Structures are given as structure tokens and as C-alpha cells.
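Listed here are the chains, written in short residue letters.
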Amino acid sequence: MLTAHAGDDELVDAVRPYLQFLVARTGEAALLSVQIGNEGLVVAREESRYSLQAGGRVGRRSPLHYTAVGRALMFDYDNAHVKTLVSDDLGISSCGPNAPRDLVTLFARLEREREQGYAVASEEVEIGLTAVAVPLRDASGRILGVLNVSGPSSRISDKTDSIGKIVMEASRQATRALGTRRGS
């Protein structure tokens, strides 16, 4: 059975072709992350063809509120649960200039991202980094993790809508494949 625990080789192996697809389609690094408590944890990464790369490394943990991965992981949570998860991290000084620093801003951003189907964090983690993330779901619709494309803002900040659609398609395909694998 597939589970969304860090280091789950079966999940990583099942999703790797979709990470490779994302790199091929976008030219940027693609990552798989899961939720561990109130953080996102990168468990797999496919490298970009560019020498200048951005985004998390395998094993990197990050707060949920100011990363595309973190917000995509929270898509199914109500505001009360989101508040519980992020209250200790809101307003931390180590985030980038565009990070939400209060709950009102975070809730508004989450609502907009839920409607569009993907989260975007542009210069929220740090200046010069933009990421687009989409929940990866199991056959029953439960979030297992998040597929994410990250790169330098100079290359992708004006393409987040098209990248979002590509990541959403990869997530749909991966969900179908995971459902097939689970049934076998």
C-alpha cells in the first residue's frame, strides 16, 4: 500500500516518471514533497538541465505557509486547521519579501490557489525563487504529497499559469497510475 511517509520508496518510484515529465516540459527542477507535521519535506528531486538551479534539495524541510508546496499540502484543510499548523511560523524573518505574514493574507492566497488548482510562491522563500505546486492525490482523493516545479524567478515568474497547467496534468496522470498500482 502506498503511504505519504518520507522516504517511501514505492511512492517515490511511482512518481519519478512524472517528475521527469515535468523537467522535460518545463526545463526546471521538479520535486515531490510530503507533509511531516507542520512542514513540507522534499523526498525526491529531478534536476533541471540548467546550470543555474533553484528549489529544495532532498531532505529539506520548510514551513507550510510561505512555500507553494506547503500551501498545496494545505488545500484540503479548513482555516482552523491551517491556523493551528502555521501559527508558530507566521511572521518569521527568514522568509522572502512576498511571504504572507498574517492569517488574513494567507487565507486569501490559499483560497485563490485552491480555485486555480495550484499554488505559486514567487519570492516568498527567498528573492529570485519561484515555485508552482499541485497536490498529488490517491485514488480516493486524499493528498499524498505535492508535485512542484521550482526555478529562478527570472525564468519562470511570467510562466506560472502555463507551468501550473502542466503540473496539474502530471498530477492527474500520476494519480491514475497510483490508483492502478494500488489495485495490482
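Residues numbered from 1 in each chain as written. Predicted model: local features only at pLDDT ≥ 70, side-chain atom pairs only at ≥ 80, totals over all residues. Heavy atoms only, no water.

(A) Representation of unusual backbone geometry within the structure. Positioned with a positive phi, E123 is a non-glycine residue whose angle comes to about 60°. Position of E123 relative to the elements: it lies in the loop between β4 (119-122) and β5 (129-137). Residue class for E123 comes out partly exposed when judged on its relative accessible area of 22%. (Helix = DSSP H or I, 4+ residues; strand = E, 2+ residues; numbered from the N terminus. Buried < 20%, exposed > 50% of the residue type's maximum accessible area, 1.4 Å probe, protein only.)

(B) Main features of the pairing of strand β6 (residues 143-152). By the criterion of burial, β6 is predominantly enclosed, with 10 of the 10 residues buried. Where strand β1 (residues 29-36) and β6 come together, 5 bridges link them in antiparallel fashion. Along β6, the bridge assignment pairs S33 with V146. With 9 bridges connecting them, β5 and β6 associate as antiparallel partners. (Pairing = 2+ DSSP bridges.)

(C) Just the confidence of the model for the protein, in detail. On average, residues of the protein score 87 in pLDDT, and 87% of them are at 70 or above. Segment residues 1-7 is flagged for pLDDT under 50; beyond a separation of four residues in sequence, or across chains, it makes 17 contacts in the model. (pLDDT = per-residue confidence, 0-100. Contact = heavy atoms within 4.5 Å.)

(D) Spatial organisation of the packing of helix α3 (residues 79-86) against helix α4 (residues 103-116). As a packed pair, α3 and α4 sit with axes 11 Å apart at the nearest point and diverge in direction by 125°. The angle between α3 and α4 falls in the class oblique. Where α3 crosses over α4, the handedness of that crossing is right-handed. Residues N79, V82, K83 and V86 of α3 form the contact with α4, whose own contacting residues are L103, L106, F107, L110 and R114. Broken down by class, the residue content of the contact of α3 with α4 amounts to 6 nonpolar, 1 polar and 2 charged. (Axes fitted to C-alpha atoms, helices over the stretch in contact; angles between N-to-C directions. Parallel < 35°, antiparallel > 145°, perpendicular 65-115°, else oblique. Left-handed = near helix turned anticlockwise from the far one by under 90°. Nonpolar A, V, L, I, M, F, W, Y, C, P; charged D, E, K, R; others polar.)

(E) Local environment of helix α1 (residues 9-26). The terminal C-alpha atoms of α1 lie 25 Å apart, and with 18 residues this matches the ideal 26 Å at 1.5 Å per residue to within 8%. The largest bend in α1 is about 40°, located at R16, with the proline P17 one to four residues further on. Among the residues of α1, those classed as buried are L11, V12, A14, V15, Y18, L19, L22, V23 and T26. Residue G27 follows α1 closely and has a positive phi angle near 80°. (Expected span 1.5 Å × (residues − 1). Bend = angle between axes of the 7 residues up to and from the residue.)

(F) Inspection of the nonpolar core at higher detail. Among the nonpolar cores identified, the biggest contains 31 residues, and L11, L22, L32, L136 and L147 are the most heavily contacted of them. Of all the elements in the fold, those that place two or more residues in this core are α1, β1, β2 (39-46), β5, β6 and α6 (160-183). Once residues lying within four places of it in the same chain are set aside, the contact partners of L22 are G27, A30, L147, V149, I166, V167 and A170. With 18 residues, the next largest nonpolar core counts L64, V69, L73 and V82 among its residues. (Core = buried A, V, L, I, M, F, W, Y, C linked by side-chain atoms within 4.5 Å.)

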